[in-house]
Amino acid sequence: MPDNFFDTHFADDLDRVDGRAKVTGAAKYSAEYFPTNLTYGVLAASTIAKGIINAIDTKAAEKAPGVIAVLTHQNLPQITGYQSAPGDDKTPPYKKGFKIWEDNKVRFYGQPIALVIANTLEQAKHAASLIKAQYTKEEAHTSFEEAIKKDKPLEGNPYKEYNRGEKDAWKSAPVKIEATYSQPIEVHNPMEPHAITVVWDGENKVTVYEKTQSLKDTQRNIMRLFGLKEENVRVISQYIGGAFGSAFNTWPHAVAALIGSRKTGKPVKLVLDRTQMFSSVGYRPAAVQHLAMGATQDGKLVGLLHEASANTASYREFTEGIVNGSRSLYACPSVTTRYSVYPLDLSEPTWMRGPGEATGSWALECALDELSYALKIDPLQLRLINYAENDPERNRPHSSKFLKDCYQLAADAIGWKDRKQEVKAIKEGDWYIGYGMAGGIFTAWRGGAKVNARLAADGSLTLQTAVTDMGPGTATAMTKLASDVLGLAPQKIKFEMGDSNLPPGIMQGGSGTTSSLGTTVNNACVTIKKKLTELVKDNSLFHTENIHEVKLNDLVFENGYMALAPDRTKRISYSDVLQRAGMQQLEILEESTGYGDNKYSTFSYAAHFIKLAVNPLTGVVKVQRAVSAIDAGKIVNDKIARSQVIGGVVGGIGMALMEEAVIDHRFGKIVNNNLADYHVPVHADIPQIEALFVNKPDPVLNPMGSKGMGEVSYVGVAPAIANAIYNAVGKRVRDLPITPDKLI
């Protein structure tokens, strides 16, 4: 990356409004609150993957220095939310979920079996190490490969077969390919481990500092768990050090801290260590995908089959849209998709960046690349031949689709014209050079949200909403939006968030935060403009020969002033308007609803292009350049948008070349449960990454014209890398990650 990269690309855009707080350490994360009389919680975990706890010895731990309490299933206080619902005995085990200490069963290796609360972290750690459990061990099934061979997948509505056109049409096509692609479990591993600090005020009121991507969902979960009123549960999550989907659930460790703090009457802080992060807060499930597709000699797709299998936990069903992209990304008349999920004795999987679509694109986009070689057609040209102008799955138009623009932007930027269709055609010294590309698709959506907006007499604006920010820059985007719509300097705007006491916002995830919350902020600023206009409608300053009562369309709002559009010398500041009206502030509560119009299909799109080098002797892959062009509608803030795309590409590099959770099936344990053995990209692995945007507004989804980009920036990166590797050395690796041993 050139030294002046950020200067040349970002100089004219708004800096992160929370940037200074983060780099100076002023930002407080969930583990950085220190209430009076704070105590520390540490979990002891099971050392088997499945069985029964016959006995658990906590005497040594209870007698250890500084220990206040030890909680297990044997002394669990009565919890309102643990009571069985009517008919619960008929609920299948895989739908019940797991409540910590609800019984003496062990469901996965690393399941919390006890919580030690002590005066210091060191005392709690020591005491937790003294806890001994005796088990009746049962046979655990943790091998996904064995499950596919021998077990029966789950049944129900999520697993119904999808068909359009002629079934198995691909088999009669003049040119066809068929292949199986696999990928292992991947773990989120954000910089900040999951942490919670709990402060009870009596037994019926609690304040929780929790790492969560959804304040209101976490609040509701705690309310249900303890039978509390909404006003008695406050959840604060001011800053999050990355999550990537791992912070949607209220996980067992958080419930343990809540129960422990309530029982002892003391504030409790519990922070997972890195090892516990591998078994306690979800992961991207493993998947095996079978792709078959056929085409005419000129490249037109005739039929496509996409079968996907993934794992879930034995106690909780998790599903995601692995096969969805194959139904809608390309114009193919006959498509069949099947999706199967197999329960294993592992902890629960969850959403991970690009959930479903990132997994599905690995198979779909690699298969298209294989077909391009069988047809002797350029991979980009093959995609253009099968470009879907309308949504083929739902048979309706897109709200907007500029994927062709993405293809062109990225191809030009990376020098696709220099690519050779033949493998091993370009060599530089000992290294073969390869080019690869892939497309990406992810649903664009808009949910409902509320925002409290307050314009003060000094001309400052405060926006308040219960949303969190795990890194994409929500506060910055909302500040920029408000600044643009209301015509107010960003320095005059304060965005308050991260507190469930504020009006309900939207979850942080699924690439829908800006679309959802941005709509509400936009509408709030428009409402303020209308109210300001009402206050000056009779002001003679704005009266002209043609204007006797000023209306909104007669005015422009800029730099904190309302000015007459035909003559901007006639203006008045927002402060003066409020002061003349005798108002200290103008305050509104704005609410917007989600987008639910079925006239259009709404998606974001990406085109990822990769140039890399492969050493045929060592199998080492060096990604030299990555270009990602994104169709995410109107870009709200260029700087944070580019940051999102760069992060997505980095994650895709990890998915393609490094990330793999390795399970020792004798114990059901992830053995590389640390950042030394579980490899993620570091600076040396990251090339120059160019993020390009079509930047054409979507006319349907929201008033800003924006669409999400956080997820789609990840979808398609891994197959683009795999396709470039094949172009370089002629080796088609279908099992992630693509490590050097697979290329030698």
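Residues numbered from 1 in each chain as written. Predicted model: local features only at pLDDT ≥ 70, side-chain atom pairs only at ≥ 80, totals over all residues. Heavy atoms only, no water.

**Some remarks on helix H5 (residues 121-129)**
Alright, step 1. Taken together, the buried positions of H5 are Ala124, Ala127 and Ala128. All buried residues of H5 fall inside an arc of 100 degrees around its axis, so they share one side. Every exposed residue of H5 that faces more than 90 degrees away from the buried side is listed here: Glu122 and Lys125.
Alright, step 2. Packed against the buried residues of H5 are strand E1 (39-45), helix H3 (59-63), strand E3 (67-71) and strand E5 (112-118). (Buried < 20%, exposed > 50% of the residue type's maximum accessible area, 1.4 Å probe, protein only. Helix = DSSP H or I, 4+ residues; strand = E, 2+ residues; numbered from the N terminus. Arc of directions from axis to C-beta. Contact = heavy atoms within 4.5 Å.)

**Describing the nonpolar core**
Alright, step 1. In terms of nonpolar packing, the biggest core is built from 90 residues, with Met293, Leu371, Phe609, Leu612, Leu657, Ile721 and Ile725 touching the most fellow members.
Alright, step 2. Each residue touching Leu657, except ones within four places of it in the same chain, is listed here: Val621, Val623, Ile721, Ile725, Pro737, Ile738 and Thr739.
Alright, step 3. Core analysis: the second largest hydrophobic core is formed by 42 residues, Leu555, Val577, Ile640 and Met704 among them. (Core = buried A, V, L, I, M, F, W, Y, C linked by side-chain atoms within 4.5 Å.)

**Quick word on the sheet that holds strand E18 (residues 427-428)**
Alright, step 1. An order of E18-E19-E27-E28-E31 is seen for the 5 strands of this open sheet, with the pairing classed as mixed. Taken across any chain shown, the strands that pair with only one partner, and hence form the sheet edges, are E18 and strand E31 (688-693).
Alright, step 2. Relative to the sheet, helix H13 (residues 403-414) contacts strand E19 (431-443), strand E27 (603-614), strand E28 (621-631) and E31, its axis offset from that of E27 by approximately 20 degrees.
Alright, step 3. Of the strands in this sheet, E19, E27 and E28 are in contact with helix H18 (residues 717-729), which crosses E19 at around 155 degrees. (Pairing = 2+ DSSP bridges. Axes fitted to C-alpha atoms, helices over the stretch in contact; angles between N-to-C directions.)

**Things to note about the pattern of salt bridges**
Alright, step 1. Under the defined criterion, the tally for this structure stands at 36 salt bridges.
Alright, step 2. In this structure, Arg107 and Glu102 form a salt bridge, with 3.6 Å as the shortest nitrogen-oxygen distance.
Alright, step 3. Salt bridges linked by common partners bring Glu161, Lys167, Glu307 and Arg338 together as one network. (Salt bridge = Lys/Arg side-chain N within 4 Å of Asp/Glu carboxyl O.)

**A short note on the pairing of strand E24 (residues 561-564)**
Alright, step 1. Bridge count for strand E23 (residues 555-558) against E24 is 4 bridges, and the pairing is antiparallel. Bridge pairing in E24 links Leu555 to Leu564.
Alright, step 2. Bridging between E24 and strand E25 (residues 567-573) involves 4 bridges; their strand directions are antiparallel. The partner of Met562 across the bridge, within E25, is Ile572.
Alright, step 3. Between the end of E24 and the start of E25, which pair antiparallel, lie 2 residues.

**Thoughts on the packing of aromatic side chains**
Centre distance and the angle of the planes are the two values used to describe a pair of aromatic rings.
Alright, step 1. One pass over the structure, following the stated rule, counts 16 aromatic pairs.
Alright, step 2. Seen in terms of ring centroids, Phe98 and Phe108 are 5.8 Å apart; in terms of plane orientation they differ by 90 degrees. Their pairing is edge-to-face. A residue pair is termed long-range when its members are at least 10 positions apart, and Phe98 in the loop between helix H4 (93-96) and strand E4 (105-106) and Phe108 in the loop between E4 and E5 qualify at 10 residues. An identical accessibility class is assigned to Phe98 and Phe108; each is buried.
Alright, step 3. Consider the rings of Tyr181 and Trp362, whose centres lie 6.0 Å apart with planes at 80 degrees: the pair is edge-to-face. Remark: Trp362 occurs in helix H11 (residues 357-375) and Tyr181 occurs in strand E8 (residues 175-183); sequence separation between them is 181 residues.
Alright, step 4. On the basis of relative accessible area, Trp362 is assigned to the buried category, the value being 0%.
Alright, step 5. Linked through ring pairs, Phe98, Phe108 and Tyr315 together constitute an aromatic cluster.
Alright, step 6. One Lys or Arg, Lys269, reaches over the ring of Phe34 and ends 3.5 Å from the middle of that ring.
Alright, step 7. Here Lys404 stacks its cationic end above the ring of Tyr387, 4.7 Å away from the centre of that ring. (Phe/Tyr/Trp six-rings, centres within 6.5 Å; stacked < 30°, edge-to-face > 60°. Lys NZ or Arg CZ within 6 Å of the ring centre and 35° of its normal.)

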